[in-house]
Amino acid sequence: MPHDLPTLELAFPGPERDRGVSAILSGRKTALTGLLEIYEHAGEALPVTGQRFSVLDSAGCPAVTVEVVDVRVVPMKEIDDDFARAEGRGYSDAAQWRAAHEEFFRSSGVSEFLGHTPVIDDETLVVAERFRVVEPDAPDTARPADPAG
């Protein structure tokens, strides 16, 4: 795996991130959503089609490499059922996607990062990405194998 790829971290380290990484590795997750305000606050450039990222697990280790195949900035109300299902989190429709994302975007972790609780409504802009797995990242040959598997 090239070690010069930008990294992508899903949610916060812990069970939510681990479920997301597992969903990517299993092929269930082919889309993700970010709050535009977070990108702006962090001074991060938006991803572009063709860009590759190393997705990190909760321990900060590369787990999989993905390539962005589509990226759009849209109001939350434009997320449809197909995109919601592509998030690989078991959402049956956009309403379930919306409830989960509203909860996350208003969470204490996001509020702490932004310095305030963001306003989340139909017009809130999100970065909606679709991606494909390029390769699962092989364990670094210099690192001993994890006996726990």
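Residues numbered from 1 in each chain as written. Predicted model: local features only at pLDDT ≥ 70, side-chain atom pairs only at ≥ 80, totals over all residues. Heavy atoms only, no water.

Q: Describe the nonpolar core, listing the residues and the values that go with them.
A: Counting residues in hydrophobic clusters, the biggest one holds 16 residues, and the most contacted among them are Met-76, Ile-79, Trp-97, Phe-105 and Val-126. Among the secondary structure elements, those contributing two or more residues to this core are strand S2 (31–35), helix H3 (81–86), helix H4 (94–105), helix H5 (108–114) and strand S5 (125–136). A total of 3 residues in this core trace back to one element, the largest contributor, which is H3. Non-local contacts of Met-76, meaning those with residues more than four positions away in its chain, are made with Trp-97, Arg-98, His-101, Glu-102, Phe-105, Ile-120, Asp-121, Asp-122, Thr-124 and Val-126. Of all hydrophobic cores here, the second largest spans 12 residues; its members include Leu-8, Val-21, Val-64 and Val-68. (Core = buried A, V, L, I, M, F, W, Y, C linked by side-chain atoms within 4.5 Å. Buried < 20%, exposed > 50% of the residue type's maximum accessible area, 1.4 Å probe, protein only. Helix = DSSP H or I, 4+ residues; strand = E, 2+ residues; numbered from the N terminus. Contact = heavy atoms within 4.5 Å.)

Q: I'd like to hear about the layout of surface pockets, residue by residue, with values.
A: Taken as a whole, the largest pocket spans an internal volume of roughly 1,100 Å³. If you go around the largest pocket, you meet 38 residues; those closest to its centre are Glu-9, Leu-10, Ala-11, Thr-33 and Phe-104. Among the elements of the structure, strand S1 (7–8), helix H1 (15–26), S2, helix H2 (36–42), H4 and H5 are those that each provide at least two residues to the lining of the largest pocket. Broken down by element, the residue count for the lining of the largest pocket peaks at 5 residues, all from H4. For the lining of the largest pocket, a count of residues per class yields 21 nonpolar, 8 polar and 9 charged. (1 Å grid on protein atoms, 1.4 Å probe; cavity = no way out; pocket = protein on both sides within 12 Å on 5 of 7 lines; lining within 4 Å. Points joined across faces, edges and corners; volume = space filled by probe spheres on them. Nonpolar A, V, L, I, M, F, W, Y, C, P; charged D, E, K, R; others polar.)

Q: Report on the pairing of strand S3 (residues 52–56), specifying residues and quantitative values.
A: Consecutive residues of a regular strand have side chains that alternate between opposite faces of the sheet. The buried fraction of S3 amounts to 4 of the 5 residues, a majority that puts the element mostly inside the structure. Both S1 and S3 contribute to a ladder of 2 bridges, which runs parallel. Considered in S3, the bridge of Thr-7 is made with Ser-54. Where S3 lies against strand S4 (residues 62–75), 5 bridges are found, and the strand directions are antiparallel. In the strand pairing of S4, Arg-52 is matched with Glu-67. Taken together, S3 and the strand that follows it, S4, pair antiparallel across an intervening segment of 5 residues, in which Gly-60 is found at a positive phi of about 85°. (Pairing = 2+ DSSP bridges.)

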